[in-house]
Structure formats: structure tokens, C-alpha cells
Amino acid sequence: MALLVASRPPVPPGQVTSTIYGHLREGRCNEAIQILEYELQAGLHQDAAKLAVGLESQEQSLSLQIAIKYEQNDIAGCKRLLEKLPAGSSDGTLGLACLLYKEGNHEGARKLFTMAMNVLGYQPELAYNIALCYYQVKQYGPALKHIAEIIERGVREHPELSVGAAADRAGVRSVGNSQVLKESALVEAFNLKAAIEYNMKNYEAAREAMADAPPRTEEELDPVTLHNSALFNMDGDPTGGFRKLSHLLQSPPFPPQTFCNILMLYCKPQHAFYDLASDVMADNADLVATNLSKEAQEFLEAAMLSASAPEEAFQRFDVLAARHAEALRQLTKKVQDARVSRDTEALKRAVIAYEEALEAYIPVLMGQARIYWDMEHYSKVQAILQQSTDFCGEHEAWKLNSAHTFFMQGDGRFKEAISFYEPLVQGHLDNLLDVTAIVLANLCVCYIMTSQNDQAEALMRQVERQEEQQAAAVSASTLCCAATCCIIHHAAYSL
């Protein structure tokens, strides 16, 4: 058993049983199990269970039955079947590791995966599972170390998989979904690397990780890769992103996060597809019940009311915000208690829980503030943001929106806007092109409106210089690079 996404395409309808028994007759049990695993991931639990009985090896049959129980979240059933496996078997160790992972005991799961690799030798799938456990507890350094080894071995042992070729040039031939690709775990490794970069807000690095994966056509992509490519490129290609996510919903199996993510994206202010989000929820009541938490559902319902009933939306956001604030206060106490008792493990868990709770609170806070932003009541927006200073004062989104709010209030508030914009820019002085153009433009305007013209001119010259350097290095990107300085000049000199 493994936590990997199957990239093998399904067997054509009507040919599953004959194909599996053909493999069994010829002694190709692994191929039979892989097809059964795909049927399992597609939700065909009954069919997979029936076919599993046909496996001659009792251990393989038990392993597949455990996998079925695992996918059905039948933890008790998994444990009963695991007890029937031979003592000390690798399948038993891996099965227990997967159970611990599902139960959220990522440290315990990692230790068992490591134990299995010490016995079985290096296997890319096991290395990936270990990296995944590190990822879940936000230990990105060790996770990236295992990912790097998977990629290095894949490049060295399988040059035919063309790692990095798609990023270097267009028109690269697809490597398809071969057994070699599946066993290399390269697809999973690049997806996990991209997810880590994305979480660390290295968005360009996340896109590069996806581009470096072995080249395949869009039709050949597994559901996780298609899902991630949609998310990571949503800013540049929202139409393509929504098309991919919609395709996934219509073509199960798909990652369970797909349903929530497409609804959240529909409800982002820059898209504001509230009616579409409402229709998708109404047409997929089963997915609402299984794939949306109560918290997510309440947030989406509030967001969808923002345009048509802003007062009711504000009240709903307010209820959610109060609940989040109370959870954050409790977690703050847990962090403090762990520090006082010098319990390193408890502190680590409490900090991770606090950070996750804060990330869940930010969209609620911004949804609430957005209602008054759209009404151009900027002082009210400022008051809402300032109420959450204790929790959010160091969060990038909070600082950025505070800066924008002071900026929009105009005279008398530009100095306060500068105090927020400057740290955002100074952290990227070596590469100002990584800073959103509107931030640079607004900072220049603030400098000019506070009689700091020299500061504005110095910033614009620095941006121009970096654009020229980038254009010289990659001449093909000159046109897109020039857009940043054009925005700054237009904003600064239109005053």
C-alpha cells in the first residue's frame, strides 16, 4: 500500500475483468493489483472487492482488501485485516503506516515508512511517502531533501523520462504514462515540490517545479497534476484553470480538494462567479456533504451573499470571525503553555495548529472587510482590520490590505500607507520585479504626495534598471517585463 496517486490510465469499460484475469493467468499479479487500485480510486469499491478474491496469493488479496477498507475510511476494518497478515510482513508495516497517516499521526507513519525502506531497500515510492509525512508537519527541509533524491535518481537512472525538458523548450515529446514513470515517483515528487514552494509563497518556483516534471500531454495527466497545474497557473490563465477543474469534477476520480477549491476560486473577488458557485453547490449535494467542511460551506454561503445581500453577508462573516478569534485565543494559550513547560513537541504542534487556524481566519476577515471596501467605506475597512491586529499583524495579506486601505483614504494617510508598503518592497530590493506592480506604483504615489520625490524617482530607476537587466538576460521576456514600469509611471505621473 502507498499514498501515491495512480497515473496509469483506466482499462477501457467492459474489459476490466478480462484484463485482470488475463494478468493473473500469466502470473503478472502486480499489473492486476494496479488495475484494481485504479478501480478503487474511481470509487468502484464493490467491483474491486469482488475481483480481489480472484488473486491466488492470500497476502496480495488481503493487501488489496485493506486498501479498499482504507479508501472507504473503514479504520476498524483495516486493522482487522492487518492482523491476518504474516507477522513482520512488509505489507503489514506499510498498511499500518498508511493507517497512522490517515489518522493524522504523521510522525508515527514516517517512522514506519522509514523502517520499511531500511528492510526493503531504497524505493522511490517509500521515499515519497516519507517526504509527504514531513510535508504534513511543515518540515519542508527534510521533505525537499527526499524529493531531491527521488529526482536525482530519476534523472540518472531514467534519462528517457526527459526531466526538465518541457521547461527548456517547446514541442517536447510526451513520455506517456509508462510503468517506469509510475515506479520512479517523479510525478508525485514534482507535485509535492510544487506544493511546498507554493506554501512558502514561492509561486514562480512552484510553476517551475510543475514544468520540470516528465512531459505529458494534458490528456495524459493524472488528476493531482491536472488539479495542481490549474491552481498554480490560475493568476495567468484563469479560463484554463477553471476548465481543468471543471473537467476533473465531471471525470472522477479527482482529488477531494477539487470541489472546495473550484468553489473558493469562483467566490474570489477578482472572479465573483457567485451565481455559478451557487449552481455548482445545488447540483452536487452529495459532494457538498462529503467534500465540504461545515466551516467551508458557511464561508462560501456568506461570500455568495456579498453582492446581493451585503448586510446579511457581513453578519455571517462576523459570526465566523468571532469563532475563529476564539479558536486563535485558545491556541495562543497552548503555545504559551508549551513554552512555559519547555515541551518542544507540544510547542511544535501548537504552533502548526495556530498557523493553520490563522490561515483559515484570514479569508473570513478579508471577506468581511471586502464588503465595506466595495462600498468605498475605507475607514470602516481600517477599523475591521485593526480589530485583528493581535492575530494578523505579521501576516502578509493583512499588511498589504492595511496599506491599500490607508492609501485609498488619501490625504493625511499616505505616511501610514508608506509604513506598510515599504517593508513589503524592501524585502525584495534585489528583485523588485517580484513585487506586485500596484504596490510599487502606490508607494511611488505616496512618496510624491508626501514630498519625497527623490525616493519615488530612486525606486522607479531601480525598477527600470532591473527590467533592463532581465531583458538583456532573456530577450524574449522584454515585453512582459516592461509592464511593471509602465504601471508605475502611469500611476505616478497621472497625478
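Because the structure is a prediction, the values reported are computed rather than measured.

> Quick rundown of the overall build of the protein? Include the residues and the values.
Helix and strand counts for the protein come out as 28 helices and 0 strands. Across the 495 residues of the protein, 45% fall into the buried class. About 25700 Å² of surface is accessible on the protein, with carbon and sulfur atoms providing 51% of the total.

> Which residues make up the pattern of salt bridges, and what are the values?
Tallying each qualifying case throughout the model produces 18 salt bridges. In this structure, Glu326 engages Arg329 in a salt bridge whose closest nitrogen and oxygen atoms are separated by 3.3 Å. Within this pair, Glu326 and its partner Arg329 are both found in helix 20 (residues 310-341), separated by 3 residues, close to a single helical turn. Glu396 is the salt-bridge partner of Lys399, the closest N and O atoms lying 3.4 Å from each other. Of this pair, Lys399 and Glu396 both sit in helix 24 (residues 396-408), separated by 3 residues, roughly a single helical turn. Residue class for Lys399 comes out buried when judged on its relative accessible area of 17%. Members of the salt-bridge network, linked through shared partners, are Glu149, Arg153 and Glu157.

> Break down helix 5 (residues 75-82) for me, citing the residues and quoting the values.
Within the span of helix 5, buried status applies to Gly77, Cys78, Leu81 and Leu82. Each buried residue of helix 5 sits inside an arc of 135° when the element is viewed along its axis, so together they form one side.

> Help me get a handle on the side chain of Ser229, residues and values and all.
As for its position among the elements, Ser229 is in helix 14 (residues 223-232). Given a relative accessible area of 10%, Ser229 falls into the buried group. For Ser229, the side chain forms a polar contact with the side chain of Lys244, separated by 3.5 Å. Once you skip the residues sitting within four places of it in the chain, Ser229 turns out to touch Met210 and Lys244.

> Describe the confidence of the model for the protein, and please don't skip the residues or the numbers.
Looking at the protein as a whole, its pLDDT mean stands at 84, while 82% of the residues score no less than 70. Ignoring residues within four places in sequence, the model shows residues 476-495, a span with pLDDT below 50, making 34 contacts including any to other chains.

> Before we move on, could you go through the packing of aromatic side chains and cite the residues and values that matter?
As enumerated under the stated definition, the model contains 13 aromatic pairs in all. An aromatic cluster is built from Tyr198, Tyr203 and Phe232, whose rings are joined through pairwise contacts. Here the guanidinium or amino end of Arg153 rests over the ring plane of Tyr122, the centre of that ring lying 3.8 Å away. Directly above the aromatic system of Tyr372 lies the positively charged group of Lys380, at a separation of 5.6 Å from the ring centroid.

> Lay out unusual backbone geometry in plain terms, naming residues and giving numbers.
Working note: non-glycine residues mostly have negative phi, and peptide bonds are mostly trans. The step from Pro252 to Pro253 runs through a cis peptide bond, and the omega angle for that step is 10°. Here Pro253 is to be found in the loop between helix 15 (238-250) and helix 16 (257-266). Of note, Ser162 is a non-glycine position whose phi angle comes to about 55°, a positive value. Structurally, the position occupied by Ser162 is in the loop between helix 9 (140-157) and helix 10 (165-168). The phi dihedral of Lys201 falls on the positive side, at around 65°, and the residue is not glycine. Mapped onto the fold, Lys201 is located in the loop between helix 12 (186-199) and helix 13 (203-212).

Reading the values: the criteria
- Residues numbered from 1 in each chain as written.
- Predicted model: local features only at pLDDT ≥ 70, side-chain atom pairs only at ≥ 80, totals over all residues.
- Heavy atoms only, no water.
- Helix = DSSP H or I, 4+ residues; strand = E, 2+ residues; numbered from the N terminus.
- Buried < 20%, exposed > 50% of the residue type's maximum accessible area, 1.4 Å probe, protein only.
- Areas by Shrake-Rupley, 256 points an atom, 1.4 Å probe, with all protein chains shown as cover.
- Salt bridge = Lys/Arg side-chain N within 4 Å of Asp/Glu carboxyl O.
- Arc of directions from axis to C-beta.
- Polar contact = N/O pair within 3.5 Å; in protein donor to acceptor, adjacent residues only side chain to side chain.
- Contact = heavy atoms within 4.5 Å.
- pLDDT = per-residue confidence, 0-100.
- Phe/Tyr/Trp six-rings, centres within 6.5 Å; stacked < 30°, edge-to-face > 60°.
- Lys NZ or Arg CZ within 6 Å of the ring centre and 35° of its normal.

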